[in-house]
Amino acid sequence: MTLTHSPSGSAHRRRRGAARQSRAGMAFVAAYVVLLVAFGVLPTAYAIYFAFTDAGGRITGFANFVTTAQDFRFMDAVGHVVVYLAFWLLSLVVFVVALALLLHRLASGSAGKALRFLYYIPGALAGAASVLVWLFMLDPTVSPVSSLLGALGFHTFGEVIAPGNLPLLFTVIAFWTGAGGWIVVMYGALNNVPTDVMEAARIDGAGAWQTAWHVQIPMLRKWIVYMVILAFAGGAQLFVEPQLLSLASVGVAGRDYSLNQLTFEFAFQMNNINGAAAVSVELLVVSLSAAALFVARSGFFDAD
């Protein structure tokens, strides 16, 4: 006896399978949407409300934005964040891509496996813990690299954390903490570069540098843009590093170094919640505008 399957029965089973997958997908998305609304959309809407009202709930237009912008610390904080972002983004793009390319070339050996593990370790520390580690490293009296600090002309903790050194110090701390994860992400993206493309480059006589510059880096473009967008948003919200450094240095680093620190001062020292909300909304607008610019200029959503 020969068994035959009805075409209509097969189509029905396919529809049921597709329906199950659709329901599972909607369940996962629904959980994310709930969290997004609860911890993203609603707090943002609440901050926008405070930014355009006064303590009595009356609409004030842009008065809070004008008041905070006229604060004597505001432009200094903006300048500090801009300089830090320049250091942070440049170092992230250059060194993350370079180290990912190096890791990709060493991937087949034991050195590559060891490096992949080492890149994860700093990211295991939370931001505050990472800063505490660096406070120990930057104090010449207790640092294991005190001889190096001395050779650079730093003999006291105050000399190390002088205001002019802070953008570079914050960049080093942020890179040490966050770059490892991005290196591994870029390494994974490099593994997805088609082997026939790499083989064609080798056949054409391209060396390691030419292959990296003309083949691999262009194929990493969207990943680099994605990294820059998230790094820009995170860097613009600089807070933990200068706040802990300020406490450890008894005010040498200042409690209003960054815009996020300034919002903290407005909210909890000056009891100006509306002004703090105004600065927060400004940070949100700047980050969204920068992300939109990066996406538009890079063709982030264009099909390859």
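Everything below is about the structure shown above.
Caption draft 1: Representation of the overall build of the protein chain. Within the protein chain, the secondary structure is distributed over 14 helices and zero strands. Of the regular secondary structure in the protein chain, the N- to C-terminal order runs α-α-α-α-α-α-α-α-α-α-α-α-α-α. With 304 residues in all, the protein chain has 35% of them scored as buried. Considering only residue pairs separated by 6 or more positions, the protein chain has 65% of its internal contacts joining residues 24 or more positions apart.

Caption draft 2: How the structure looks around the nonpolar core. W88, V96, L166 and L245 are the most contacted members of the largest nonpolar core, which totals 52 residues. Mapped by element, the contributors of at least two residues to this core are α3 (74–106), α5 (127–137), α7 (157–160), α8 (166–191), α11 (221–236), α13 (259–268) and α14 (273–298). The element that contributes the greatest number of residues to this core is α3, accounting for 13 residues. When sequence neighbours within four positions are dropped, the list of residues in contact with L245 reads L135, F157, I161, L166, F170 and A253. Counting five residues, the second-largest nonpolar core is a separate cluster that includes A51, F65, A277 and A278.

Caption draft 3: Summary view of the pattern of salt bridges. All chains considered together, the criterion is met by four salt bridges. D71 is the partner of R73 in a salt bridge, and the nearest nitrogen-oxygen pair spans 2.9 Å. By relative accessible area, D71 is classed as buried at 15%. Residues E199 and R202 are paired through a salt bridge, measuring 3.0 Å at the closest nitrogen-oxygen approach. With E199 and R202 both in helix α9 (residues 195–203), this residue pair falls three residues apart, about one helical turn. Exposure remark for R202: the relative accessible area of 48% places this residue in the partly exposed category.

Caption draft 4: How the structure looks around the packing of α8 against helix α12 (residues 240–248). Closest axis-to-axis distance for the α8/α12 pair is 10 Å, and the angle between their directions is 115°. For the element pair α8 and α12, the recorded crossing hand is right-handed. Listed contacts from α12 to L166, F170 and I173 of α8 are E241, P242 and L245. Split by residue class, the contact of α8 with α12 holds five nonpolar, no polar and one charged.

Caption draft 5: Here's a closer look at the packing of α9 against helix α10 (residues 208–219). Running from N to C, α9 and α10 cross one another at 165°; their axes reach a closest spacing of 11 Å. Considering their axes alone, α9 and α10 lie roughly antiparallel with respect to each other. For α9 against α10, the interelement crossing comes out right-handed. For the pair α9 and α10, contact is made by V197, M198 and A201 and by T211, V215, Q216 and M219, respectively. The residue inventory of the contact of α9 with α10, partitioned by class, reads five nonpolar, two polar and no charged.

Caption draft 6: Inspection of the environment of K222 at higher detail. Here K222 lies in helix α11. Given a relative accessible area of 17%, K222 falls into the buried group. Separated by 72 residues in the primary sequence, K222 and F294 have C-alpha atoms spaced 9.9 Å apart.

Cut-off values and rules
- Residues numbered from 1 in each chain as written.
- Predicted model: local features only at pLDDT ≥ 70, side-chain atom pairs only at ≥ 80, totals over all residues.
- Heavy atoms only, no water.
- Helix = DSSP H or I, 4+ residues; strand = E, 2+ residues; numbered from the N terminus.
- Buried < 20%, exposed > 50% of the residue type's maximum accessible area, 1.4 Å probe, protein only.
- Contact = heavy atoms within 4.5 Å.
- Core = buried A, V, L, I, M, F, W, Y, C linked by side-chain atoms within 4.5 Å.
- Salt bridge = Lys/Arg side-chain N within 4 Å of Asp/Glu carboxyl O.
- Axes fitted to C-alpha atoms, helices over the stretch in contact; angles between N-to-C directions.
- Left-handed = near helix turned anticlockwise from the far one by under 90°.
- Nonpolar A, V, L, I, M, F, W, Y, C, P; charged D, E, K, R; others polar.
- Parallel < 35°, antiparallel > 145°, perpendicular 65-115°, else oblique.

That's the geometry; what it means functionally is another story.
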